[in-house]
Amino acid sequence: MATLASDNPFAEVRGHIPGNKAIWVGIYAELTEFALMFFVYFIARAHHPEIFHQGPAQLSLLAGAANTIIMLTSSFFIARAVLAIRHNDQRVCLGWLAAALIVGIGYPVVKFFEVSWNLTQGIDGRGNVFQSSYYYLTLNHLVHVSWGLLGLVWILFRTYTGGYTAGDHRGLVAFASYWHATDMIWLMIFPLFYVLP
């Protein structure tokens, strides 16, 4: 078990893996999956530059920006929850986790309205390679966010029942690592589809 430096609540023993090895197998699998999808994206973009140049104008920048704010905010709240449990403050940790869940639920809600709007505009994924790439990456990301939200419910329950302490909160750190990785992937998806012509 890692010991914490007294003057730095984020300090871990050198060489210590945050969370546990199992979550990192999952994170590496997730990153590998998306790395392959980004590879396909760049090949498609190289072969169809004009379609990808016009693509972002078809999408709702507002929806993409809203989900970016949601992901960054919920990740911040998760980080605050980890800090709180490292100070052995279960009540504050629960508050930050609840806030992260409430904000995080906004992601699939925004995505639902975004896809509904897309369909009314004729953006159904069958139009061109940009649309197909957009749906494939963003809906796969939605699956990972949904898993994360389910995991967050479990983490809330474990925290509420005293499952984590300042001395042992590896499960919470493991979840935080997954959520931040999912956040990082969105920060790559957002500019590629919504911003860059």
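The structure this text deals with has already been given above.
What you are looking at is a predicted structure, and each value in this text was computed from that prediction instead of being measured.

Chemist: Whenever I open this one, the overall build of the chain confuses me. Can you help?
Modeler: Secondary structure summary: the chain contains six helices and zero strands in total. In the chain, the succession of helices and strands from N to C terminus is α-α-α-α-α-α. C-alpha atoms of the chain, sized along the principal axes, occupy 55 × 30 × 25 Å. Pairs at least 24 residues apart make up 80% of the contacts formed inside the chain by residues separated by at least 6 positions. Carbon and sulfur atoms form 69% of the exposed surface of the chain, whose accessible area is close to 10200 Å².

Chemist: When you look at the nonpolar core in this model, what are you seeing that I'm missing?
Modeler: Where a protein is soluble and globular, its nonpolar side chains tend to be buried together. Residues Ile78, Leu97, Leu172, Ile189 and Phe193 are the most contacted members of the largest nonpolar core, which totals 48 residues. Going through the elements one at a time, α1 (21–47), α3 (61–86), α4 (90–120), α5 (129–160) and α6 (170–195) are the ones with two or more residues in this core. Residues contacting Ile78, with those up to four places away along its chain left out, are Leu97, Ala100, Leu152, Phe175, Ala176, Trp179 and His180.

What counts and how
- Throughout this description, residue numbers start from 1 for each chain and increase along the sequence as written.
- Under the rules for a predicted model, residues below a pLDDT of 70 receive no local features and side-chain atom pairs below 80 are neither given nor counted, while totals for whole chains, interfaces and linings still include all residues.
- With hydrogens and water stripped out, all remaining heavy atoms of the structure feed into the side-chain values.
- Numbered from the N terminus, helices here are DSSP runs of H or I no shorter than four residues, and strands are runs of E no shorter than two.
- Should any heavy atoms of two residues lie within 4.5 Å, those residues are counted as being in contact.
- Note that accessible areas follow from Shrake-Rupley with a 1.4 Å probe, and for residues the cover is restricted to the protein chains shown.
- Grouping buried Ala, Val, Leu, Ile, Met, Phe, Trp, Tyr and Cys residues that are joined through side-chain atoms within 4.5 Å yields what is termed a nonpolar core.
- Between buried and exposed lies partly exposed: a residue is buried under 20% and exposed over 50% of the maximum accessible area for its type, with that area taken using a 1.4 Å probe on protein chains only.

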